[in-house]
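Examination of the molecular architecture
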Amino acid sequence: MSTTQNLQVNGRSYPWMKKPVVVVCVDGCEQEYINQAIQAGVTPFLKKMAQQGTVLTGDCVVPSFTNPNNLSIVTGVPPSVHGICGNYFLDREANQEVMMNDAKYLRAGTIFAAFSDAGAKVAVITAKDKLRGLLGNKMRGICFSAEKADQATLESNGVENLLELTGMPLPSVYSAELSEFVFAAGVKLLETQRPDIMYLSTTDYIQHKFAPGTPGANAFYAMMDHYLTQLDALGAVIGLTADHGMNAKTDSAGTPNVIYLQDALDTKVGVGKTRVILPITDPYVVHHGALGSYATVYLSEGVALPDVARKIAAIAGVELVLTRAEAAERFELPEDRIGDLVVVSERLTVIGTATTRHDLSELHLPLRSHGGISEQRVPLMFNRKLAEIPSDHRLRNFDVFYLAMRAAA
């Protein structure tokens with residue numbers, strides 16, 4: 001289907017595409033990964049994008065975690081609008097931590113749902129299955145995860161026989177091949193089904209393990225470059241961004257710098273007086289031990305908020321302590337899904353709950369993680385020269401579809 005109409009999605013106007021648009025969210029990709037890979041000579045297409053396309057830098061959503069940012073990218077708006085502000089939040093009525101991977105928690109429609117309703121062919125491929133239900137909410141078309149590619153059916157996912165299509169075995173969830181499967185499937189679908197819009201969302205397993213410029217990191221970006229070259233050759237307008245950056249979270253000896261915030265508050269305020277929630281927590285914790293640079297704190301009735309805030313701010317490694325209202329305004333978050341206080345740690349520090357609740361035995365390399373303000377700057381790269389960007393516009397990773405679709409109009 002071809003049309004000249006613009007579609008309104010969450011208050012933004014998106015033009016109809018004359019060429020296929022492929023947006024890639026490279027999980028955990030700070031710009032330095034790309035810079036180092038280009039300097040090493042292993043990513044000729046990314047070098048070509050930098051020279052002949054458009055290279056920008058934008059801000060991701062804080063907390064700089066996967067789910068809030070992927071949902072911002074595919075809705076074009078911040079969490080205050082779409083409602084997903086982490087992997088977990090505390091349902092105070094039920095008094096239990098709830099994982100926000102169910103589409104019932106989504107408060108805004110996606111670009112995919114709007115364009116597929118209007119007749120566009122849409123394909124969404126994500127590495128981990130935790131995102132699939134949110135990204136594919138109310139859309140028509142192809143939507144599956146590499147993690148469960150062997151279970152994809154025409155009825156449920158819009159595609160089948162994915163292992164045969166890609167020529168790859170089902171990858172481990174803790175592997176670079178999980179992301180490679182996303183790219184391999186994307187190339188095959190663009191070749192065979194020519195979707196108008198395609199979204200490829202990877203996993204940050206490699207970025208958690210390897211710093212920019214290391215052999216492990218460069219090998220990953222060389223793999224990615226190989227598939228981007230093919231997508232470009234097939235005529236796609238490519239927009240590349242990240243859900244968040246990544247930093248080392250250790251001291252000079254490689255020991256993790258961890259603030260065990262629940263332990264500290266139990267000592268300083270009293271046991272049972274506070275409850276620390278780590279929104280980074282998800283089913284895949286081997287590579288980060290559920291440790292990130294952002295936490296929310298819920299206070300029991302009668303506990304003095306200013307006093308607790310002062311005690312947290314005095315802890316070494318804490319960068320910022322905000323009230324619920326302050327955090328909602330500064331980071332564009334839904335007030336009803338964050339704690340009484342929001343805590344952000346410094347660049348080299350992560351926040352945990354209690355020492356007994358974090359298993360770091362699988363961390364065989366120095367800890368690298370994300371979640372804070374220090375992981376907010378991310379790349380925005382395009383394989384086309386873009387029209388002039390208004391100088392007064394704060395670029396965000398969730399501008400990527402708008403900019404790519406304008407280039408394809």
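Structure: see above.
Residues numbered from 1 in each chain as written. Predicted model: local features only at pLDDT ≥ 70, side-chain atom pairs only at ≥ 80, totals over all residues. Heavy atoms only, no water.

1. Focus on the overall build of the protein chain
Rules: The helix count covers DSSP runs of H or I at least four residues long, the strand count covers runs of E at least two residues long, and both are numbered beginning at the N terminus. Throughout, radius of gyration means the C-alpha value; the globule benchmark is 2.2 Å times the number of residues raised to the power 0.38. Each residue is placed in one exposure class: buried if its accessible area under a 1.4 Å probe, protein chains only, is under 20% of its type's maximum, exposed if it is over 50%, and partly exposed if it falls in between. Whether two residues are in contact is decided by their heavy atoms, any of which lying within 4.5 Å being enough. A 1.4 Å probe and the Shrake-Rupley method give the accessible areas. Residues count as covered only by the protein chains that appear here. Just so you know, the count uses Lys and Arg for positive and Asp and Glu for negative, and it drops His and the chain ends. We put the charge of a Lys on NZ, of an Arg on CZ, of an Asp on CG and of a Glu on CD.
Each helix and strand in the protein chain was counted, giving 15 helices and 19 strands. Here the C-alpha atoms of the protein chain give a radius of gyration of 21 Å, agreeing with the 22 Å that 2.2 N^0.38 yields for 409 residues. For the protein chain, the spread of C-alpha atoms along the three principal axes comes to 60 × 45 × 45 Å. Looking at the protein chain residue by residue over its 409 residues, the buried ones come to 59%. For the protein chain, contacts bridging at least 24 residues in sequence account for 73% of all contacts bridging at least 6. Taken as a whole, the protein chain presents about 15,600 Å² of accessible surface, with 48% of it coming from carbon and sulfur. Seen as two clouds, the 36 positive and the 43 negative side-chain charges of the protein chain have centres 4 Å apart.

2. Examining the packing of helix α9 (residues 176–192) against helix α11 (residues 215–233)
Worth spelling out the cut-off: Lines are fitted to the C-alpha atoms to define the axes, a helix being fitted only along its stretch in contact, and any angle between axes, read from their N-to-C directions, falls within 0 to 180 degrees. By the definition adopted for this analysis, an angle is roughly parallel if under 35 degrees, roughly antiparallel if over 145, roughly perpendicular if from 65 to 115, and oblique otherwise. As a working rule, the residues Ala, Val, Leu, Ile, Met, Phe, Trp, Tyr, Cys and Pro are called nonpolar, Asp, Glu, Lys and Arg charged, and the rest polar, with Gly in that last group.
Where α9 contacts α11, the two axes come as close as 9 Å, and the packing angle between them is 5°. One finds that α9 runs roughly parallel with respect to α11. Here Ala176, Ser179, Glu180, Phe183, Ala184, Gly186, Val187 and Leu190 of α9 lie close against α11, whose contacting residues are Phe220, Met223, Met224, Tyr227, Leu228, Gln230 and Leu231. Looking at the contact of α9 with α11 residue by residue, the class counts come to eleven nonpolar, three polar and one charged.

3. Section: the environment of arginine 132
With respect to the helices and strands, arginine 132 occurs in helix α6 (residues 132–135). Between the C-alpha atoms of arginine 132 and glutamine 151, which are 19 residues apart in sequence, the distance is 13 Å. For arginine 132, the residues in contact, after removing those within four places along its chain, are Thr126, Cys143, Phe144, Ser145 and Asn157.

4. Observations regarding the sheet that holds strand β4 (residues 54–59)
Our working definition: The pairing criterion for strands is at least two bridges between them, as found by DSSP.
Pairing is mixed across the open sheet formed by seven strands, whose spatial order is β4-β19-β10-β3-β9-β7-β8. In the strand order of this sheet, the two ends are held by β4 and β8 (142–145), each with one partner. Within this sheet the neighbouring strands show an average axis-to-axis angle of 15°, counted without direction. Where strand β10 (residues 237–241) meets strand β19 (residues 377–382), three bridges bridge the pair, whose relative direction is antiparallel. Within β19, the position partnered with glycine 239 by the bridge is phenylalanine 382. On top of the sheet, α9 reaches β3 (21–25), β7 (122–126), β8 and β9 (197–201); it is set at about 165° to β9, its chief contact.

5. Quick word on the side chain of threonine 43
Here is the rule we go by: Contacts described as polar in this section are N or O atom pairs within 3.5 Å, which, within protein, must combine one atom able to donate a hydrogen with one able to accept it, while residues neighboring in sequence count only if both atoms come from side chains.
Structurally, threonine 43 can be placed in the loop between α1 (31–39) and α2 (44–52). Engagement of the side chain of threonine 43 in a polar contact is seen with the backbone oxygen of alanine 37, the distance being 3.4 Å.

6. Examining the pairing of strand β14 (residues 294–299)
Of all six residues in β14, six are buried, a share of seventy percent or more. Burial of the side chains of β14 extends over both faces: Tyr294, Thr296 and Tyr298 are buried on one face and Ala295, Val297 and Leu299 on the other. With four bridges joining them, strand β13 (residues 274–277) and β14 adopt antiparallel strand pairing. Note that in β14 the partner of arginine 275 across the bridge is tyrosine 298. As paired elements, β14 and strand β16 (residues 341–345) share four bridges and run antiparallel to each other. Within β16, the residue paired with valine 297 across the bridge is leucine 341.

7. Quick notes on the sheet that holds β13
Hydrogen bonding along the main chain pairs the strands of a sheet, whether they run parallel or antiparallel. Overall, antiparallel pairing links the four strands, which are arranged β13-β14-β16-β15 in an open sheet. Every interior strand has two partners, whereas the edge strands, β13 and β15 (318–323), have only one. Here the strands of the sheet are splayed against their neighbours by 25° on average, with no regard to which way each runs. Those strands touched by helix α12 (residues 261–268) are β13, β14 and β16, and its axis lies near 170° from that of β13.

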